[in-house]
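# Coordinate analysis (summary)
If you want the building blocks of each chain, they are given just below.
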Amino acid sequence: MDRFDAMSVLLAVVEAGSLSAAGRRLGVPLTTVSRKITDLEAHLNARLLTRSSRKLELTEAGRGFVQASKRILGDLIEAERIAAGEYANLQGDLVITAPVVFGRLHLLPVITAFLRDHPQIDITLNLADRVVHLIDDHIDLALRIGHLPDSALKAVRVGQTQQVVGASPDYLAARGMPQGPADLATHACISVSNLGQPQVWAFDGLPQPVAIHPRLILSTAEAAIDAAISGLGLTRVLCYQIAAARAAGKLVTVLEPYQPKPVPISLVYPGQGLLPLKLRAFLDFAAPRLRAALAP
């Protein structure tokens, strides 16, 4: 039995939440995943997982073994990087994650320019509007929007952004320009579910969020912007997401005196151990370019 492989399968099962989901993630049959878990449990003479038709849970022994497996596999990856020369040579793979719209608009152009200048480096860019765990998911670098909690991670600030409310000129001509957050009670709104509670919007200077009537709730800012351009109502997104539509005259921002305070945009990476040259090179390349792009 390959114990490192078995550990990796176990971690995939825990992260995916089921044997079948882990099989899809790993690209192997369910029977293979089940057999490797069974073989690992037999080798350890301990039950690691309790399985039912509805859920999968770690046993006490399983929780301890998973934590140890993460540490062991992390050390193995680090040893492989050292042996492969990633701390001495400008080469290897980078895994980067970023929010979907920001990644496409701002980070992807920087990455393509970096790859042209560094032919020995390859990059995987995961675009997702959720916070990805860097250590557990083997991520080298994350672009994060918002205030960062205290942690062992290192951060390089590259700019800031804030939420803005916008609507099409046709909608405002028909329904009127809101003069304050209280006016939203008479307006149709379009909410983005991953930007907070879709039924309330918070504003600077107000002690409580304002209740709104979301005629449409969407999971992405791009879709909300399209709906607002069509004249359906007011939407609230981050200012970089709406910049192109504003520049084209398709959307107008409103309630600007009440906009929430800006939040930072940062490049975040694990702070433990040596920094691979490939990551240092990308940080040195990307940070000034992102600052320049976000300065306006």
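Per chain, residue numbering runs from 1 following the sequence as it is written. Note on the predicted model: pLDDT of at least 70 is required for a residue's local features to be given, and 80 or more for side-chain atom pairs to be given and counted; whole-chain, interface and lining totals, by contrast, use all residues. Remark: hydrogens and water are excluded; side-chain values derive from all non-hydrogen atoms of the structure.

Let's shift gears to the packing of helix H7 (residues 221-229) against helix H8 (residues 239-247). With axes taken as lines fitted to C-alpha atoms, and helix axes fitted only over the stretch in contact, angles between N-to-C directions fall between 0 and 180 degrees. Helix and strand definitions follow DSSP, with helices as H or I runs of at least four residues and strands as E runs of at least two, each counted in order from the N terminus. At a minimum axis distance of 10 Å, the contact between H7 and H8 shows a crossing angle of 30°. The way H7 lies across H8 gives a crossing that is right-handed. Across from Ala221, Ile225 and Ile229 in H7, the residues of H8 making contact are Gln241, Ile242 and Ala245. Put simply, Ala, Val, Leu, Ile, Met, Phe, Trp, Tyr, Cys and Pro go in the nonpolar bin, Asp, Glu, Lys and Arg in the charged bin, and everything else, Gly too, in the polar bin. Partitioned by chemical class, the residues of the contact of H7 with H8 number five nonpolar, one polar and no charged. Left-handed describes a crossing in which the near helix is turned anticlockwise from the far one by less than a right angle; the clockwise case is right-handed. Contacts are assigned to residue pairs with any non-hydrogen atoms lying within 4.5 Å of each other.

This part covers the sheet that holds strand S6 (residues 153-161). The five strands are arranged S4-S3-S5-S14-S6 in an open sheet whose pairing can be described as mixed. Both edges of this open sheet fall to strand S4 (121-127) and S6, since each of them pairs with a single strand only. Between one strand axis and the next, the sheet turns by 20° as a mean value, whatever way the strands run. Relative to strand S14 (residues 263-270), strand S5 (residues 141-145) runs antiparallel, the two being bridged by four bridges. Counted as the bridge partner of isoleucine 145 is isoleucine 265 from S14. At least two bridges found by DSSP between two strands are what make those strands a pair.

With that settled, consider the environment of lysine 154. With respect to the helices, strands and loops of the structure, lysine 154 is situated in strand S6. When neighbours within four sequence positions are excluded, lysine 154 is seen to be in contact with Leu267, Val268, Tyr269 and Gly271.

Looking now at the packing of aromatic side chains. Only rings of Phe, Tyr and Trp enter the pairing, Trp through its six-membered ring, and a pair is recorded when the two centres are within 6.5 Å. The plane angle decides the type: under 30 degrees is stacked, over 60 is edge-to-face, the rest tilted. Under the criterion given, the structure shown has three aromatic pairs. Geometrically, the ring pair formed by phenylalanine 114 and phenylalanine 285 is edge-to-face, given 5.4 Å between the ring centres and 70° between the ring planes. Remark: phenylalanine 285 occurs in helix H9 (residues 277-294) and phenylalanine 114 occurs in helix H5 (residues 100-117); sequence separation between them is 171 residues. On the basis of relative accessible area, phenylalanine 114 is assigned to the buried category, the value being 0%. Grouping aromatic residues by their ring pairs yields a cluster made of Phe114, Phe282 and Phe285. Each ring is checked for a lysine NZ or an arginine CZ that lies within 6 Å of its centre and within 35 degrees of its normal; such an atom marks a charge sitting over the ring. The ring of phenylalanine 203 has arginine 236 sitting right over it, with the charged end atom 4.6 Å from the ring centre. In this structure, arginine 289 packs its charged tip against the face of phenylalanine 285, placed 3.6 Å from the ring centre. Exposure categories follow from relative accessible area, calculated using a 1.4 Å probe and restricted to protein chains: below 20% of the type maximum is buried, above 50% is exposed, and the middle band is partly exposed.

Glancing now at H9. Taking 1.5 Å per residue as the helical rise, H9 with its 18 residues ought to reach 26 Å, and the 26 Å between its terminal C-alpha atoms agrees with that figure. Of all the positions in H9, only Lys278, Leu279, Ala281, Phe282, Leu283, Phe285, Ala286, Ala287, Leu290 and Leu294 are classed as buried. To estimate the expected span of a helix, subtract one from its residue number and multiply by 1.5 Å.

The terminal C-alpha atoms of H5, which comprises 18 residues, lie 24 Å apart, in line with the 26 Å expected from a rise of 1.5 Å per residue. Along H5, the helix axis deviates most sharply at leucine 107, where the bend reaches about 50°; the proline proline 109 sits within four residues downstream. The complete set of buried residues in H5 reads Val101, Phe102, Gly103, His106, Leu107, Val110, Ile111, Ala113 and Phe114. Here the bend at a residue means the angle between the axes of two seven-residue stretches, the one that ends at it and the one that starts at it.

What is meant by a nonpolar core is a set of buried Ala, Val, Leu, Ile, Met, Phe, Trp, Tyr and Cys residues, joined one to another through side-chain atoms within 4.5 Å. Counting 29 residues, the largest nonpolar core has Ile123, Leu141, Leu267, Phe282 and Leu290 as the members making the most contacts within it. If one sorts the elements of this core by residue count, H9 sits on top with nine residues. Excluding residues within four positions of it along the chain, leucine 267 makes contact with Leu141, Ala142, Leu143, Lys154, Ala155, Val156, Val158, Leu283, Ala286, Ala287 and Leu290. Counting 17 residues, the second largest nonpolar core, distinct from the first, contains Ala12, Ala22, Leu40 and Leu49.

Mapping leucine 58 onto the fold places it in strand S2 (residues 56-58). The spatial distance from the C-alpha of leucine 58 to the C-alpha of arginine 130 is 24 Å, given a sequence separation of 72 residues. Excluding residues that lie within four positions of it along the chain, leucine 58 makes contacts with Val14, Leu48, Leu49, Arg63 and Val66.

This part is about the sheet that holds strand S11 (residues 214-218). Sheet architecture is open: five strands sit in the order S11-S8-S12-S7-S13, paired in mixed fashion. Here the strands that pair on one side only, and so sit at the sheet edges, are S11 and strand S13 (252-254). Averaged over all pairs of adjacent strands, the angle between strand axes in this sheet comes to 35°, irrespective of strand direction. Bridge analysis of strand S7 (residues 163-167) against strand S12 (residues 234-238) gives four bridges, and the strand direction is antiparallel. Its bridge partner being in S12, glutamine 163 is matched across the sheet by leucine 238. Seen against the sheet, H7 touches strand S8 (189-192), S11 and S12 and runs at an angle of roughly 170° to S8. Packing against the sheet, H8 makes contact with S7, S12 and S13, and its axis sits at approximately 120° to S12.

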